[in-house]
Amino acid sequence: MNIAVLGSGGREAALAWKLRVDEPEAIVFVLPGNPGIPGSIPVDCADPIAVARFCLGNGVGLVVVGPEVPLAAGIVDALRSRGLNTFGPTADAARLESSKSFAKAFMEKYGVATARSVTSIGVAGARSALAGFPGRVVVKYDGLAAGKGVFVCGSTAEAESALDSIEKSYGPDSTVVLEETLVGTEVSVIGLTDGTCFKPLPAAQDHKRLLDGDLGPNTGGMGAVAPAAWLTTAVYARIQAEIIEPTLAGIRDSGFDYRGFLYFGLMLTREGPKLLEYNARLGDPETQVILPALGSSLLEAIDAALAGRLAEAELVPDGSCRAALVFACSGYPESPSPRPEPISGLEALDGSTLFFPAGVATGNSRFIADLPLVAAKLPLAAARGRAFSICVAGKDPGSALASLYAEAGKIDFAGMQFRRDIGARWLSSPPELEGWDLE
Ligand code: AMP
Ligand code: GLY
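Conventions used here
- Residues numbered from 1 in each chain as written.
- Chains lettered and ligands numbered in written order.
- Predicted model: local features only at pLDDT ≥ 70, side-chain atom pairs only at ≥ 80, totals over all residues.
- Heavy atoms only, no water.
- Helix = DSSP H or I, 4+ residues; strand = E, 2+ residues; numbered from the N terminus.
- Rg over C-alpha atoms; globule rule 2.2 N^0.38 Å.
- Buried < 20%, exposed > 50% of the residue type's maximum accessible area, 1.4 Å probe, protein only.
- Contact = heavy atoms within 4.5 Å.
- Areas by Shrake-Rupley, 256 points an atom, 1.4 Å probe, with all protein chains shown as cover.
- Lys, Arg positive; Asp, Glu negative; His and termini not counted.
- Charge placed at Lys NZ, Arg CZ, Asp CG, Glu CD.
- Near = heavy atom within 4 Å.
- Polar contact = N/O pair within 3.5 Å; in protein donor to acceptor, adjacent residues only side chain to side chain.
- Nonpolar A, V, L, I, M, F, W, Y, C, P; charged D, E, K, R; others polar.

Undergrad: An account of the overall build of the protein is needed here, citing residue identities and associated values.
TA: The helix and strand tally for the protein stands at 13 helices and 22 strands. Taking 22 Å as the expected radius of gyration for a compact globule of 439 residues, we find that the protein reaches 21 Å, a close match to that expectation. Expressed as a percentage of its 439 residues, the buried residues of the protein come to 59%. When contacts within the protein are restricted to residue pairs at least 6 apart in sequence, those whose partners lie at least 24 apart make up 72%. Summed over all atoms, the accessible surface of the protein reaches about 17,000 Å², with 54% contributed by carbon and sulfur. Here the protein carries 37 positive and 50 negative side-chain charges, and the mean point of each set is 3 Å from the other.

Shown next, in the form of structure tokens:
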């Protein structure tokens, strides 16, 4: 049985790598992938007819969807209706990510712990509603915005300019969510669900801002670490009771066919866990650490979830700590890179370092069929946005981070950007959980 992964970034490179480890006999295609990922085929993953034609013609028995845009557009519904076994939520269920107002209404209806919020249809109404959130407030555009639709504002004046920018980008009729600002430690609990049961992968932390010290603009994510030593069984039990179980009850009650990855973006506040957002997919770059940190088969868990028997599957961490670092092109995230820049030093990476290509090009822009993902030796160029990530393992977070930066020091390309403090805050300031009343 062959497998198709849909998408083109570092997340999909890591998914394809893990599925190949799990099932060395299978051909893992990546549609469209990128010039650095083995098995990349130039088929547009937003076009269900083209994807179905390719999969049906190439013995694909499982399709795994990476990004949110095709999920929201109904790729799972479309592929299943053509007989393809597809892992991901249907469009209906993917609204948990694609509409923030839908997600907030769902959280409130089913008693999922979250920040107080108000939804306004139209920017003018949101301006009036700001009075209910004096001082700090979070302003969120309702739809998918690749991380650019959320504004964490320190004052009403900042919130007003966030609303101006939403109005400019998406129009005056945009739906906007205003939300109370939560303070605490962010963590991503990502796992699989079959709609009845949720099984977590190792918990991870992303680093969304471009610059060290959590400064600069928001990005898709600049690095990740996993797992969190302080996410003990007792802490997880509260997340499960206050967030995961009510979500599963809501999924069942809503009649959603949700067999896919489910991502809980959490803030661990002093009072308890609160849900910031759902994503209906794996995170990028979290996937680049949580799949390498998984000791058991992802493929078996996906098969079990698709059959509605995820409760029987086991997801076992491999016991290592993992750290991943994203290398972005000059100008990211605001402007495109002027030209592809050759990457040097990949051949010097340690054999155990994982290399996950994303916005890369080859000299001749061909799709390469069998480039090894570990320490790729091909001349690749950093072409767009987040160009690639590397992932290393350590016996503890400190040693993983030391190796990560030793490896990063070998790599260079013109205009390269990467953060030098991945994991630092997570290690130095664990969450304050005094109010949690843990056993
Ligand atoms: P979201 O896409 O809703 O997860 O928001 C993106 C980022 O904005 C989150 O990862 C947080 O860093 C921040 N954020 C979102 N909502 C809140 C909130 N209510 N309080 C504090 N920070 C938030
Ligand atoms: N890294 C955050 C996300 O994938 O949404």
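Undergrad: So what about the site of ligand 1? Which residues, and what values?
TA: The environment of ligand 1 is made up of 14 residues, and the closest members are Lys-140, Glu-179, Leu-182, Glu-186 and Glu-277. Contacts to ligand 1 include Lys-140, whose side-chain N or O atom sits 2.9 Å from an oxygen atom. For ligand 1, an oxygen atom lies 2.9 Å from a polar atom in the side chain of Lys-208. Out of a free accessible area of 470 Å², ligand 1 has 89% covered by protein chains. Going through the elements one at a time, strand E6 (137-141), strand E7 (150-153) and strand E16 (273-279) are the ones with two or more residues in the shell around ligand 1.

Undergrad: An account of the site of ligand 2 is needed here, citing residue identities and associated values.
TA: Around ligand 2 sit Asp-206, Lys-208, Gly-220, Tyr-263, Asn-279, Arg-281, Gly-283, Asp-284, Pro-285 and Glu-286, and that is every residue in its neighbourhood. Between ligand 2 and Gly-220 there is a distance of 3.2 Å, counted from a nitrogen atom to a backbone nitrogen or oxygen. Partitioned by chemical class, the residues of the shell around ligand 2 number 2 nonpolar, 3 polar and 5 charged.

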